[in-house]
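Here is what each chain is made of, one letter per residue.
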Amino acid sequence: MTDEKQANEFDHPLAAAMYDQVEGSREDLDHYVAIIDELGARTVIDVGCGTGVLAIRLASSGHSVIGVDPAGHMIAVARAKAGADRVQWVHGTAEDVPDTLGQRKADVAVMTGNVAQVFLIDDAWLSTLRAIREALHPDGHLVFETRIPERRAWEEWAEWGTSVHHVEGVGEVHDRFTLVRVTEPYVTFRSDNTLPDGTVVPSESTLIFRSMPDLERTLAEAGFTISEVRDAADRPGREWVVIARVRA
Ligand SMILES: C[S@@+](CC[C@H](N)C(=O)[O-])C[C@H]1O[C@@H](n2cnc3c(N)ncnc32)[C@H](O)[C@@H]1O
């Protein structure tokens, strides 16, 4: 894996340490577990697995799981958790998965927590999708969520202000959120995290809000067909949960 692939805002010790606390109880993942069960999947690839909450949950219920993420600090948090030894962790990107699997193929790949929105240009998105397709069985599925652009979530984000988090090993962290720029389909935002000693750790992110025609086009180019688009039960009307199958 190149350094370029590692460079994202989650690959920071503070971001990784805060992540699970900020994300809370993760009801958003229940939907994925239900879909994976519906599809009867045994082998699952979790692309952008982060701190491994879903990967470990699935492995604990008997699934064979590959968790892949380019942020070494996130993978390190995942690896330290109870049950982490049941998951095959890959510090890398989807492009590293086909080689990791070798002759094996997976039934389902997932991208939870809006990972699909980090691929800002078509080249990166298509390369990820093609690698996932290569790693799946011919009747495999890709399941991911992405925020509905028409819902304009960033207009609510603009009002977030400052939140306080108690981070294990760090103490109280004050997270000041700023919406930096909206140039649809791109939205850039920033978190300035103030540590107990007054140090400020900034973090800036840009996400893409792809339209449904754009998702259909790119998935088709990568060899997938959308079989269903669902609502996210925990965020009704805000997210598309896309279930795509490998095109025959
Ligand atoms: C918001 S977190 C979601 C983590 C996890 N899926 C979850 O639901 O908690 C986004 C994750 O995407 C990962 N990521 C960023 N660029 C990526 C890429 N090119 N390929 C795969 N994952 C990437 C980050 O390292 C981070 O762990």
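These numbers were taken from a predicted model, which means no experiment stands behind them.

Student: Would you explain the domain arrangement of the chain in this entry?
Tutor: Many authors give the size of an interface as the accessible area that is lost as the parts come together. In terms of domains, the chain is made up of domain 1 (3-149 + 210-246) and domain 2 (151-207). Computed from C-alpha coordinates alone, the two centres of domain 1 and domain 2 are separated by 23 Å. At the interface, 16 residues of domain 1 touch 21 residues of domain 2. On the surface where domain 1 and domain 2 come into contact, there are one salt bridge. With five residues, the single largest contributor to the side of domain 1 that touches domain 2 is helix 2 (residues 13-23). Looking at the side of domain 1 that touches domain 2 residue by residue, the class counts come to nine nonpolar, four polar and three charged.

Student: I'm lost on the site of the ligand in this one. Help?
Tutor: In the region of the ligand, 16 residues are neighbours, and Y19, R26, G48, D69 and T112 sit closest. A distance of 2.7 Å separates an oxygen atom of the ligand from a polar side-chain atom of R26. For the ligand, whose free accessible area comes to 600 Å², the fraction covered by protein is 89%. In the shell around the ligand, the residues fall into nine nonpolar, five polar and two charged.

Student: I'm lost on the environment of D231 in this one. Help?
Tutor: Mapped onto the elements, D231 comes out in strand 10 (residues 224-231). Look at D231 and you get partly exposed, because its relative accessible area is 39%. Residues D231 and V241 lie ten residues apart in sequence; the distance between their C-alpha atoms is 5.9 Å. The contacts of D231, once residues within four sequence positions are left out, are H31, P236, G237, R238, E239 and V241. Within the structure, D231 has its side chain in polar contact with the backbone nitrogen of G237 (distance 2.9 Å).

Criteria and cut-off values
- Residues numbered from 1 in each chain as written.
- Predicted model: local features only at pLDDT ≥ 70, side-chain atom pairs only at ≥ 80, totals over all residues.
- Heavy atoms only, no water.
- Domains from an automatic or database assignment.
- Contact = heavy atoms within 4.5 Å.
- Salt bridge = Lys/Arg side-chain N within 4 Å of Asp/Glu carboxyl O.
- Helix = DSSP H or I, 4+ residues; strand = E, 2+ residues; numbered from the N terminus.
- Nonpolar A, V, L, I, M, F, W, Y, C, P; charged D, E, K, R; others polar.
- Near = heavy atom within 4 Å.
- Polar contact = N/O pair within 3.5 Å; in protein donor to acceptor, adjacent residues only side chain to side chain.
- Areas by Shrake-Rupley, 256 points an atom, 1.4 Å probe, with all protein chains shown as cover.
- Buried < 20%, exposed > 50% of the residue type's maximum accessible area, 1.4 Å probe, protein only.

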